[in-house]
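Read off the chains here:
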Amino acid sequence: MAPSAVQTATSARRSAEDEKTTIQLQGQGGDASAQGEDGLGRDPLEVKYRDFFWTYTEEPHRTRRLEIIKAHPEVTKLCGPEPLTKYVVLLVVSIQVFSAYLVRDTPFFSPYFWLLAYVVGATANQNLFLAIHEISHNLAFRSPTANRLLAIFANLPIGIPYSASFRPYHLTHHKSLGVDGLDTDLPTAFEAIFLDSILGKAFFCTFQIFFYALRPMAVYRVPFTWVSAVNVATQLAFDAVILRVLGTQSMLYFVLSSFLAGSLHPLAGHFIAEHYVYATVTPAQADAANGIPVPETYSYYGPLNLLTYNVGLHNEHHDFPAVPWTRLHKLHDIAREFYADLPHHTSWTYVLWRFIFDQNVGIRCRVKRKEGGRLVGQGARKQKPTEEWKEDELQS
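Just so it is clear, the model here is predicted, and its values are computed rather than measured. (Residues numbered from 1 in each chain as written. Predicted model: local features only at pLDDT ≥ 70, side-chain atom pairs only at ≥ 80, totals over all residues. Heavy atoms only, no water.)

Trainee: So what exactly am I meant to see when it comes to a nonpolar patch on the surface here?
Mentor: On the surface, Phe 98, Tyr 101, Leu 102 and Tyr 112 cluster together into a nonpolar patch covering about 410 Å² of accessible area. The topology assignment puts Phe 98 in helix α3 (residues 84-102). (Patch = residues over 30% accessible without salt bridge, like charges linked within 9 Å, V, L, I, M, F, W, Y side chains within 5 Å. Areas by Shrake-Rupley, 256 points an atom, 1.4 Å probe, with all protein chains shown as cover. Salt bridge = Lys/Arg side-chain N within 4 Å of Asp/Glu carboxyl O. Helix = DSSP H or I, 4+ residues; strand = E, 2+ residues; numbered from the N terminus.)

Trainee: Explain the nonpolar core to me, please; I cannot follow it from the model alone.
Mentor: What tends to happen in soluble globular proteins is that the nonpolar side chains get buried as a cluster. Val 89, Phe 204, Tyr 253, Ile 272, Tyr 278 and Phe 355 are the most contacted members of the largest nonpolar core, which has 66 residues in total. Top contributing element to this core by residue count: helix α4 (residues 111-135), with eleven residues. Sequence-distant contacts of Phe 204, defined by excluding residues within four places in its chain, comprise Glu 191, Leu 195, Phe 211, Arg 215, Ile 272, Tyr 276, Phe 355 and Ile 363. In terms of nonpolar packing, the next biggest core, distinct from the first, is built from twelve residues, Leu 78, Leu 313, Phe 338 and Tyr 339 among them. (Core = buried A, V, L, I, M, F, W, Y, C linked by side-chain atoms within 4.5 Å. Buried < 20%, exposed > 50% of the residue type's maximum accessible area, 1.4 Å probe, protein only. Contact = heavy atoms within 4.5 Å.)

Trainee: Just to check I follow, could you spell out helix α2 (residues 60-71) for this structure?
Mentor: Side chains of residues three or four places apart in an α-helix project in the same direction, reflecting 3.6 residues per turn. The first and last C-alpha atoms of α2 sit 17 Å apart over twelve residues, in line with the 16 Å expected at 1.5 Å per residue. If you check which residues of α2 are buried, you get Pro 60, His 61, Thr 63, Arg 64 and Ile 68. The buried residues of α2 occupy one face: seen down the axis, they fall within an arc of 160°. Where α2 is buried, its residues contact α14 (314-319) and α16 (336-339). Taking the backbone nitrogen of His 61 as reference, a side-chain oxygen 2.6 Å away marks Glu 59 as the first, capping residue of α2. (Expected span 1.5 Å × (residues − 1). Arc of directions from axis to C-beta. Polar contact = N/O pair within 3.5 Å; in protein donor to acceptor, adjacent residues only side chain to side chain.)

Trainee: Hey, could you run me through the side chain of Ser 99 in this one?
Mentor: Here Ser 99 is to be found in helix α3. Residue classification places Ser 99 among the buried positions, given a relative accessible area of 5%. Those residues in contact with Ser 99, other than ones at most four positions away along the chain, are Leu 116, Val 120 and Tyr 253.

Trainee: Would you take a moment to explain the packing of aromatic side chains for this structure?
Mentor: Within the structure shown, the criterion is met by 22 aromatic pairs. Ring plane angle 75° and centroid distance 4.9 Å describe the contact between Tyr 309 and Trp 325, whose orientation is recorded as edge-to-face. Here Tyr 309 is found in the loop between β2 (299-300) and α14, whereas its partner Trp 325 is found in the loop between α14 and α15 (328-334), with 16 residues between them in sequence. Residue classification places Trp 325 among the buried positions, given a relative accessible area of 14%. When the ring centre of Phe 355 is taken as reference, the NZ or CZ atom of Lys 201 above it lies at 5.9 Å. Directly above the aromatic system of Tyr 276 lies the positively charged group of Arg 366, at a separation of 5.0 Å from the ring centroid. (Phe/Tyr/Trp six-rings, centres within 6.5 Å; stacked < 30°, edge-to-face > 60°. Lys NZ or Arg CZ within 6 Å of the ring centre and 35° of its normal.)

Trainee: Would you mind going over the pattern of salt bridges with me for this structure?
Mentor: Two side chains carrying opposite charge are able to pair once their charged atoms lie near each other. Under the defined criterion, the tally for this structure stands at ten salt bridges. Two residues, Arg 327 and Glu 82, come together in a salt bridge whose shortest N-O distance is 3.8 Å. Placement of the pair is Arg 327 in the loop between α14 and α15 and Glu 82 in the loop between α2 and α3, with a sequence separation of 245 residues. For Glu 82, a relative accessible area of 12% gives the class buried. Where Arg 354 meets Asp 358, a salt bridge forms, and the shortest distance between an N and an O atom there is 2.7 Å.

Trainee: Would you explain the side chain of Arg 366 in this entry?
Mentor: For Arg 366, the location among the structural elements is in the loop between α17 (348-357) and β4 (367-368). A polar contact of 3.2 Å, which involves the side chain of Arg 366, links it to the backbone oxygen of His 275.

Below you can see the structure in the form of structure tokens.
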């Protein structure tokens, strides 16, 4: 796709009263408000160096979801499982196993091995990452258990068990978008400070799969459940069979495919495109009295959605996480007036390029909140009664 600048819009649909927002401009800390007098209690490292965009308001998706349902009640009929998902998962897992068979005797450092891993393997494993993302919302089967087992199956060519722990972290991301200490999709202050350069951002993009894998455990731990046990046991058994039957090269193919899927690969652009602030933050937006929010979720409507369960329709997904990938375009068409003016990307490849080389875009360009949100899967963790999760929320 030809590189194109991100499309931006500054129109706000809600009143200033509903959207009173305090935003901290990018730049050096040191003024009174940056030192914490605004009540945000931010990390001293963030204050000293470069801050994130901070806001007092709740995330925008719940409000927009209610507005869309009021204007178009028929969108609720789009919710529910998509039977096609399990067949796509079976196809992609089969492709990866066959590809691993093809390279069983190929040297690891041969161009053919890496080309196959980049073009086929990374694309397939990114597809499986996003299959697990889709299944985490119970959108493959009506049975929660069937969804857990399908996610474990989709996990196999990835090489490392993670599907069981991904779900509670991801649902918490939905319920706690931008909440510091809950949303593990947010970069830490350490990342924002030490990777805030061209070389640092290039390093982050190259090894972002490790940041997304390790960061959640540094923020908080999710319980080890029976699903976790089955996930680990199944993955270890599968890896053992691959090593015994096909050999080390085939196992290395799976691992390399997973690494490249989360590295400098066109499909990996979605990780950054979804919630990093690419729109120019104007002085008007920085003035809370104007009630103009900083956009914190960005959609992408290009052809790479065909390989990624339409994850590019990310505003639509966050607005209605119970709508499966095959119906997100329908949701967009029905509620087009709600999405037409929202900022969006036209190229995931350009997202990566600009993230690395544009000094106005970087790891600190995320909207953060100090309060709000809830944890998923923390049954043993004490929470206020109003923060406890109900069964229907856990299955969303």
